[in-house]
Each structure stands twice: as structure tokens, then as C-alpha cells.
Amino acid sequence: KAGRLRNLGEANRANELYRRGDEAWSKGHSRPAFRLFLEAARAGMEAAFSTVGNFYHNGIGVNANPDAAIYWYRLAYRAGARSVANNIGCILRDRKKFGQAIEWFRRAVQQKDGDANLNIAKIYLHKGDLVKTRSYLDKTRRSPWATEQSKEEARSLLRKMTSRKADNPGTHRARKGRRDGPA
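Residues numbered from 1 in each chain as written. Predicted model: local features only at pLDDT ≥ 70, side-chain atom pairs only at ≥ 80, totals over all residues. Heavy atoms only, no water.

1. Brief notes about the packing of aromatic side chains
Here the structure, examined in full by the defined rule, presents nine aromatic pairs. For the ring pair phenylalanine 37 and phenylalanine 55, a centre distance of 5.5 Å and an interplane angle of 75° mean the geometry is edge-to-face. Placement of phenylalanine 37 in helix H2 (residues 30-42) and of phenylalanine 55 in helix H3 (residues 46-58) is noted, with a sequence separation of 18 residues between them. Ring centres of phenylalanine 49 and tryptophan 72 lie 5.7 Å apart, and the angle between their planes is 50°; this geometry places the pair in the tilted category. Separated by 23 residues along the polypeptide, phenylalanine 49 in helix H3 and tryptophan 72 in helix H4 (residues 66-78) bring together distant segments of the chain. A relative accessible area of 4% means that tryptophan 72 is categorised as buried. Grouped by ring-pair contacts, the aromatic residues Tyr18, Trp25, Phe34, Phe37, Phe55 and Tyr56 constitute a single cluster. The side chain of arginine 82 reaches across the aromatic face of tyrosine 77, ending 4.3 Å from its centre. Positioned above the aromatic ring of tryptophan 104 is the side chain of arginine 107, whose terminal nitrogen or guanidinium carbon lies 4.0 Å from the ring centre. (Phe/Tyr/Trp six-rings, centres within 6.5 Å; stacked < 30°, edge-to-face > 60°. Helix = DSSP H or I, 4+ residues; strand = E, 2+ residues; numbered from the N terminus. Buried < 20%, exposed > 50% of the residue type's maximum accessible area, 1.4 Å probe, protein only. Lys NZ or Arg CZ within 6 Å of the ring centre and 35° of its normal.)

2. Here's the deal with a positive patch on the surface
A cluster of basic residues, Arg106, Lys127, Lys132, Lys139 and Arg142, forms a positive patch on the protein surface. The leading source of residues in the positive patch is helix H8 (residues 130-142), at three residues. With respect to the helices, strands and loops of the structure, lysine 132 is situated in helix H8. (Patch = residues over 30% accessible without salt bridge, like charges linked within 9 Å, V, L, I, M, F, W, Y side chains within 5 Å. Areas by Shrake-Rupley, 256 points an atom, 1.4 Å probe, with all protein chains shown as cover. Salt bridge = Lys/Arg side-chain N within 4 Å of Asp/Glu carboxyl O. Lys, Arg positive; Asp, Glu negative; His and termini not counted. Charge placed at Lys NZ, Arg CZ, Asp CG, Glu CD.)

3. A closer look at the pattern of salt bridges
Within this structure, the stated rule accounts for 11 salt bridges. The partner of glutamate 16 in a salt bridge is arginine 19, and the shortest N-O contact between them spans 2.7 Å. Here arginine 19 and glutamate 16 lie together in helix H1 (residues 8-26), a separation of three residues that amounts to about one turn. Its relative accessible area of 34% is what places glutamate 16 among the partly exposed residues. Beyond isolated ion pairs, a larger network of salt bridges with shared partners links Glu16, Arg19, Glu23 and Lys27.

4. Some points on H1
The terminal C-alpha atoms of H1, which comprises 19 residues, lie 27 Å apart, in line with the 27 Å expected from a rise of 1.5 Å per residue. Every buried residue belonging to H1 is among Ala11, Ala14, Leu17, Gly21 and Ala24, and all of these are buried. For H1, the buried positions fall inside an angular range of 150° around the axis, keeping them on one side. Seen from the buried face of H1, the exposed residues on the opposite side, beyond 90 degrees, are Leu8 and Ser26. Its buried side turned inward, H1 meets H2. (Expected span 1.5 Å × (residues − 1). Arc of directions from axis to C-beta. Contact = heavy atoms within 4.5 Å.)

5. Things to note about the side chain of threonine 51
With respect to the secondary-structure elements, threonine 51 resides in helix H3. A distance of 3.5 Å separates the side chain of threonine 51 from the backbone oxygen of alanine 47, its partner in a polar contact. (Polar contact = N/O pair within 3.5 Å; in protein donor to acceptor, adjacent residues only side chain to side chain.)

Purely spatial values, then, with no claim about function.
This is the structure:
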């Protein structure tokens, strides 16, 4: 559990732990780095919250633990590190909690994370909602904040959607409550 910094001495101790963790990490010592970052986070250093979340999320210096990652990412988010919203969305998406994932991806988009639109598009593609998929792929493609890699992936998915539609012009997805064929 994360603590709160109560005085300058605690803040200095947490800063030193984080500095030592960063030094260990830069030398490739992931396990000691994780332990030091975790200790700094537990001491209340807010900058360490997202770092610890990332280590848990990706299994760096510790076994991957999505629950622990979400715990630390949420603390980081509450402390003002809005950049972790996309990470939370990814974990929830991987757990098939699509509604919650979309909420977090939208928070990421509000923080100018253009790549989060691509994640939303992929959820809608998975669900078979091609209209929303196309909309979010277009948003990714046009976003000044999306990476070139995400923009290229969005263009590629749009091309595939267009070519499938051209290959199968007579096919479409039936809507709920609608009958196809004679009445």
C-alpha cells in the first residue's frame, strides 16, 4: 500500500529510493530496481506509482500482476499522472471488460493520447461495429498526437475493411430485430 509523505525527511528518503531504483534500472538490474521503486511508492512518492504499475504490468523485475498494475496505475492517475489511462484500458481490454476499457481509453484521448483511439477502434472491430470502428480509425489517422505506427495501423485496417467490402458487396451484417428476406 502507498503511504503519504508527511515531512521533508520522508520526502528525501523516498527521492533517494527512487534515484537508486533509477540507477539500478539504467544498469539493467530490473529486480533491485523494482524493489527500490516499490519502496519509494510505498513511502508516498507519487512519481513512483506509475513506474511500479508499469513494472507489474510488463513483468519487469517481478512476475506480471495485472491487479497490482491497476492498483498502482489508479493511484498514479489520481495523483495526476493521466498518461496511465491508456495502460489501464489495455489491461481491462485484455480481460474482455470492453465497456470499462473504452471508458479508460476515452480518458486517455482527453489527455491527448491519440493512440487510444486505435484501441477503441479495435474493440469495436472485435464487436463487429464497423461504423464505430471506421470512425475511431479515422480519428487515429487524423490525430496530431497518435504515433506514426498507430496511424499506419489505422490506415492498414481501413484498407482491409474497404477491400473486404469490395470483395463481398452483397454481404452485410443484419441488425437486431430486422428480418432479411421476404416477410
